[in-house]
Amino acid sequence: AYEQGINEGIDEQNASDLSLAIARKLIELHGQSIRLESSGNILNYKFQLDFWTGEKPLTEEEVLEMDALINLQPVFDEITSDRNIEVYIAGKDVEELQILKSQLASMNYSVVPVTTGKELIAKVKDNLPNILVIDVKLPDMSGYEVCSQIRQTFTKDELPIILVINKEDISEMMEGLTSGANDFLTRPYIQEEFLTRVNTHVQLARISNVYSRYV
């Protein structure tokens, strides 16, 4: 397999070498081989795969399912649709909650701020939002405990959770990952970083949920 030193950059030739290694492995898994033919300064990589017709003709339903997989436009339309995004944020500092709410509102997100873990868990049970942003230090319970309880019902794909921590502490991050957090927001942070993290996890969850219905 192709390897490179950690200090070497990946240039166009390296990328080609890597893709060829992957292609060769896939072809060999089909019981075939890839060969190189040279014509002047041009290199041609050739291979042959058996055409599988199946033991029986495809039914009309199977044909429609294949057409749905080939035509992915409905999937892309749903993923990129401009629909309402709900964000629940939990923290003990009311002023910080207001700042986060204002920043999220600039992205046209619907924001629900709460000040306790129990209140957040209750609201999630009543209505599932698109993402949670939780301070690890809440008045009644830790953000880790809140995260663990929510993970008993909802997976990371169903409900992304971003934990807000005071510094990049490895022990805090490990505890957060163990409790089921998707990501971390470290104080002090800038607005662009915060909004990018929220938007990224919302889109990833949306992609996962949409594709799970097609595959």
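The structure this text deals with has already been given above.
Criteria and cut-off values
Residues numbered from 1 in each chain as written. Predicted model: local features only at pLDDT ≥ 70, side-chain atom pairs only at ≥ 80, totals over all residues. Heavy atoms only, no water. Axes fitted to C-alpha atoms, helices over the stretch in contact; angles between N-to-C directions. Helix = DSSP H or I, 4+ residues; strand = E, 2+ residues; numbered from the N terminus. Parallel < 35°, antiparallel > 145°, perpendicular 65-115°, else oblique. Left-handed = near helix turned anticlockwise from the far one by under 90°. Contact = heavy atoms within 4.5 Å. Nonpolar A, V, L, I, M, F, W, Y, C, P; charged D, E, K, R; others polar. Patch = residues over 30% accessible without salt bridge, like charges linked within 9 Å, V, L, I, M, F, W, Y side chains within 5 Å. Areas by Shrake-Rupley, 256 points an atom, 1.4 Å probe, with all protein chains shown as cover. Salt bridge = Lys/Arg side-chain N within 4 Å of Asp/Glu carboxyl O. Buried < 20%, exposed > 50% of the residue type's maximum accessible area, 1.4 Å probe, protein only. Core = buried A, V, L, I, M, F, W, Y, C linked by side-chain atoms within 4.5 Å. Pairing = 2+ DSSP bridges. Polar contact = N/O pair within 3.5 Å; in protein donor to acceptor, adjacent residues only side chain to side chain. Arc of directions from axis to C-beta.

**Notes on the packing of helix H5 (residues 117-126) against helix H6 (residues 143-151)**
- Closest axis-to-axis distance for the H5/H6 pair is 10 Å, and the angle between their directions is 20°. Classed by the angle they form, the pair H5 and H6 counts as roughly parallel. With respect to the hand of their crossing, H5 and H6 are arranged in right-handed fashion. When H5 is examined against H6, the residues Gly117, Leu120, Ile121 and Val124 are found in contact with a partner set consisting of Val146, Gln149 and Ile150.
- Class assignment of the residues belonging to the contact of H5 with H6 gives a composition of five nonpolar, two polar and no charged.

**Some details on a nonpolar patch on the surface**
- On the surface, Ile22, Leu26 and Leu29 cluster together into a nonpolar patch covering about 320 Å² of accessible area.
- Looking at the secondary structure, you find Leu29 in helix H1 (residues 12-29).
- Residue Leu29 is classed as exposed on the basis of its relative accessible area, which comes to 63%.

**Points about the nonpolar core**
- Counting 22 residues, the largest nonpolar core has Leu120, Val124, Leu132, Ile134, Val146, Ile150 and Leu163 as the members making the most contacts within it.
- With residues near it in sequence (within four places) discarded, Leu120 still touches Tyr88, Ala90, Val114, Leu132, Ile134 and Val146.
- The next biggest cluster of nonpolar side chains, apart from the first, holds 18 residues, and it includes Tyr109, Tyr189, Leu195 and Val202.

**Notes on unusual backbone geometry**
- The omega angle of the peptide bond from Arg187 to Pro188 is -10°, so this bond is cis rather than trans.
- Mapped onto the elements, Pro188 comes out in the loop between strand E7 (183-186) and helix H8 (191-212).
- In the Ramachandran plot, Asn108 falls in the positive-phi region, its phi being about 65° despite a non-glycine side chain.
- When you line up the elements, Asn108 lands in the loop between helix H4 (94-105) and strand E4 (110-114).
- We classify Asn108 as exposed; its relative accessible area is 69%.

**With respect to the sheet that holds strand E3 (residues 86-90)**
- Taken in spatial order, the five strands make up an open sheet running E4-E3-E5-E6-E7, and their pairing is parallel. Pairing within the sheet leaves two strands with one partner each, and these edge strands are E4 and E7. Averaged over all pairs of adjacent strands, the angle between strand axes in this sheet comes to 20°, irrespective of strand direction.
- Where strand E5 (residues 131-135) lies against strand E6 (residues 161-165), four bridges are found, and the strand directions are parallel. Considered in E6, the bridge of Val133 is made with Ile162.
- Lying over the sheet, helix H7 (residues 170-179) contacts E6 and E7, oriented at roughly 145° with respect to E7.

**Let's talk about the side chain of His201**
- Within the secondary structure, His201 sits in helix H8.
- Polar contacts involving the side chain of His201 include one to the side chain of Asp183, which spans 3.0 Å.
- If we ignore the near neighbours within four places in the chain, the residues touching His201 are Ile131, Pro160, Ile162, Asn182 and Asp183.

**Focus on H5**
- Listed in full, the buried residues belonging to H5 are Gly117, Leu120, Ile121 and Val124. Each buried residue of H5 lies within a common arc of 100° when the element is viewed along its axis, so the set occupies one face. For H5, the exposed residues set more than 90 degrees away from the buried face come down to Lys118 and Asp126.
- On the buried face of H5, the contacting elements are E3, E4, E5 and H6.

**Quick look at the pattern of salt bridges**
- In the structure shown here, the tally under the stated rule is seven salt bridges.
- Between Glu37 and Arg35 there is a salt bridge, and its shortest N-O distance comes to 3.3 Å.
- Arg35 gets classed as partly exposed once you look at its relative accessible area, which sits at 45%.
- Connected through shared salt-bridge partners, Arg35, Glu37 and Lys46 make up one network.

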